[in-house]
Amino acid sequence: MQELHDAPLAPLTTFRLGGPATRLVTATTDAEVIDAVREADDTGTPLLLIGGGSNLVIGDKGFEGTAVHIATRGLSLDGTTLELAAGEIWTDAVARTVEAGLAGVECLAGIPGSAGATPIQNVGAYGQEVSSTINEVIAYDRRSGETITLTNADCCFSYRHSRFKAEPERYVVLRVRFELENADGLSAPLRYAETARALGVAPGERVPLAEARDTVLKLRAGKGMVLDPEDHDTWSAGSFFTNPILTDEEFAAFRARVDERLGAGAEPPAFPAGEGRVKTSAAWLIDKAGFTKGYGTGPARISTKHTLALTNRGEATTEDLLALAREVVAGVREAFGVTLVNEPVTVGVTI
């Protein structure tokens, strides 16, 4: 187990932002992860867990405490059951499932980060969410001091949310087990219209797994959502805001604001989100509020490829990024009466 002091954290994040940690431990086995967490808990030391760093906004002052970089490895396939160590690189794991002819996560290709983060955020994109394939999560329970197994139902998944996100100080994800589908080399039914359209099929149809995966990668790359060290549009956390879910009453008030601002013919995106609830598009809200692609003049700007990504153009600080995020939130609220919620986890700062 490697240990460093006054260690830079920015290189461990996709934003490449944030100050140092008092102490940085790199854990390569489940036992090392548990030992580092227990030590911090026993001594009352603040603890920060870092996986792939693709969903973190760390303050410029850094983190006063112990940061544990979970760098565990392990991937096993037993029939249609996939087990991943928390530190496994997610994009590599998706590629292995496609090679094995197993469907269920192929449309989640290109998402940066580690496998252990996927149940926390209930990662989803292009019509798939990990909650539809996760069977069990093995986690260390900091409250009981034991390693436990949580079923899918135990995880309390919802849109970009889970039990792990609801109780961030309690669970440390160690391993994730997925139950995939053998569909004779075909994908799961395509649920996302853009993906189906790009593949020339109707929603609900299946296509060869590799075609589905490759198409998603192309769509993501076109939006700056596939990591590329030479492309500052990918120096981001991907989608910075979640899509708002509104009650029917809130959506009606929102529609009135849209009519007032854009004219009666404007139709905001609307998707069913459960009884009495409607989901709309954060990207649409940002764009229509005047924050177009490439918005900004400083070192932190909206991506030139996608309005939902805030980016570090190379010389930004975390405060630069936060100032931009706050400007966008305030502008959308003023324009449409909807308050955007940030998707990345903030450390030592608030939006």
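Residues numbered from 1 in each chain as written. Predicted model: local features only at pLDDT ≥ 70, side-chain atom pairs only at ≥ 80, totals over all residues. Heavy atoms only, no water.

Heads up, the rule is: UniProt positions are given in the numbering used here, feature names are shortened, and annotations may be inferred rather than shown by experiment.
Per an unreviewed UniProt entry, the protein goes by the name UDP-N-acetylenolpyruvoylglucosamine reductase and belongs to Streptomyces pactum. UniProt's Catalytic activity (unreviewed entry) comment on the protein is quoted here verbatim: "UDP-N-acetyl-alpha-D-muramate + NADP(+) = UDP-N-acetyl-3-O-(1-carboxyvinyl)-alpha-D-glucosamine + NADPH + H(+)". You can read under Function (unreviewed entry) in the UniProt record for the protein the words "Cell wall formation."

## Notes on the UniProt feature "domain: FAD-binding PCMH-type" (unreviewed entry) in the protein
Quick note on the threshold: Secondary structure elements are defined from DSSP: runs of H or I of at least 4 residues count as helices, runs of E of at least 2 residues count as strands, and each element is numbered from the N terminus.
Under the local residue numbering, the UniProt record ascribes the feature "domain: FAD-binding PCMH-type" (unreviewed entry) to residues 17-183. For the annotated span residues 17-183, helix accounts for 19% and strand for 38% of the residues, and the straight-line distance between the end C-alpha atoms is 42 Å.

## A word on the layout of surface pockets
Which entries qualify depends on this criterion: In this analysis a 1.4 Å probe is tested at points of a 1 Å grid over the protein atoms alone, and where it fits but cannot get out there is a cavity; an open set with protein on both sides within 12 Å along at least five of seven lines is a pocket; lining residues have an atom within 4 Å of a point. Grid points are joined across faces, edges and corners, and a volume is the space filled by probe spheres set on the points. Here the nonpolar group is Ala, Val, Leu, Ile, Met, Phe, Trp, Tyr, Cys and Pro; Asp, Glu, Lys and Arg are the charged ones; every other residue, Gly included, is treated as polar. Each domain's limits were defined by an automated method or a database of domain assignments.
Looking at the second largest pocket, its volume works out to about 400 Å³. Lining the second largest pocket are 23 residues, with Gly52, Ile89, Pro112, Gly113 and Leu227 sitting closest to its centre. Residues belonging to the lining of the second largest pocket are distributed by class as follows: 10 nonpolar, 10 polar and three charged. When residues are assigned to domains, the lining of the second largest pocket turns out to be shared by domain 1 (2-70) and domain 2 (75-222), each giving three or more.

## Here's the deal with the sheet that holds strand β1 (residues 2-8)
The strands that make up a sheet pair up through hydrogen bonds in the backbone, lying either parallel or antiparallel. Under the convention used in this document: By definition, two strands form a pair when at least two bridges between them are found by DSSP. For helices, the axis comes from a line fit to the C-alpha atoms of the stretch in contact; other axes are also lines fit to C-alpha atoms, and the angle between any two N-to-C directions lies between 0 and 180 degrees.
Read from one edge of the open sheet, four strands run β1-β2-β5-β3, paired in mixed fashion. Each edge of the open sheet carries a strand with a single partner, namely β1 and β3 (47-50). For this sheet, the mean inter-axis angle between neighbouring strands, taken without regard to orientation, is 25 degrees. As judged from the four bridges shared by β3 and strand β5 (residues 63-70), these two strands associate in the parallel manner.

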